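Summary of structural features
These are the residues of each chain, in order.
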Amino acid sequence: MKKLGVLLLAGSLTLGLAACGGEEKETKTSEPAASESTSTSGAEEFTITATNWEFTSDKELTVKKGTNVKINLVNEEGLHTISNEDLGIDLKADSPSEFTADTAGEYELICSTVCGATEDHEAMKLTLKVVE
Ligand SMILES: [Cu+2]
């Protein structure tokens, strides 16, 4: 009977995961027995720090396609934001955004707040690489 219980549990976990990820036309991932290493939240978190007029943390973020990405911004100086239209994010400091990186490519994340002279403001960029 123990065995049956384990099977049922595994089954409901799989269903739960599929329900979370599933809005898009994702092909179902068939990774046998990968559930052990899956973290509970499933999101890869990045904390970006910004000053006038630069993102001071890593300027290049890389994630695997299909990853849930959570980005948090900490303004150490000035008022900055992070946005990208394709990813549908426009986040303010201390108000994290979470999204699924489901299309491979390179995304430019910019500060969408006019935080200084055009030249300075436009220099604030990050790259998010979504790799297969
Ligand atoms: Cu800025």
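Residues numbered from 1 in each chain as written. Predicted model: local features only at pLDDT ≥ 70, side-chain atom pairs only at ≥ 80, totals over all residues. Heavy atoms only, no water.

The chain appears in an unreviewed UniProt entry as Cytochrome C oxidase subunit II from Bacillus yapensis.

1. Focus on unusual backbone geometry
The omega torsion across N52 and W53 is -5°, close enough to zero to call that bond cis. Within the element layout of this structure, W53 appears in the loop between strand 1 (43–51) and strand 2 (54–55). The phi angle at D94 is positive, at roughly 60°, despite the residue not being glycine. Positionally, D94 belongs in the loop between strand 6 (89–92) and strand 7 (97–101). (Helix = DSSP H or I, 4+ residues; strand = E, 2+ residues; numbered from the N terminus.)

2. Remarks on the pairing of strand 1
Direction of pairing for strand 1 relative to strand 4 (residues 67–75): parallel, over a ladder of eight bridges. Along strand 4, the bridge assignment pairs E44 with V69. Judged from the two bridges that link them, strand 1 and strand 2 form a sheet pairing that is antiparallel. Of the residues in strand 2, the one forming a bridge with A50 is F55. Hairpin connection of strand 1 to strand 2: two residues between the antiparallel strands. (Pairing = 2+ DSSP bridges.)

3. Considering the environment of N75
Checked against the element boundaries, N75 lands in strand 4. For N75, a relative accessible area of 22% corresponds to the partly exposed category. Contacts of N75, omitting those with residues within four sequence positions, involve A50, H80 and A93. (Buried < 20%, exposed > 50% of the residue type's maximum accessible area, 1.4 Å probe, protein only. Contact = heavy atoms within 4.5 Å.)

4. Considerations on the coordination of the copper ion
For a metal with four donors in a tetrahedral arrangement, the ideal angle between donors is 109.5 degrees, while six donors in an octahedron ideally sit at 90 or 180 degrees. Surrounding the copper ion are the protein donor atoms H80 (ND1), C111 (SG), C115 (SG) and M124 (SD), which sit 2.1 to 2.6 Å from the metal. Relative to the metal, the four donor atoms surrounding the copper ion lie at angles of 88 to 124°, and the coordination shape comes out tetrahedral. Along the chain, the residues that donate to the copper ion are spaced as H-x30-C-x3-C-x8-M. With C111 in the loop between strand 8 (105–110) and helix 2 (118–122) and M124 in the loop between helix 2 and strand 9 (125–131), the pair connects residues that are 13 residues apart, well separated along the chain. Neither C111 nor M124 differs from the other in exposure class; each is buried. (Donors = N, O, S within 2.8 Å, 3.2 Å for Na, K, Ca; no water. Tetrahedral: all angles 85-135°; square planar, octahedral: opposite > 155°, others 65-115°.)

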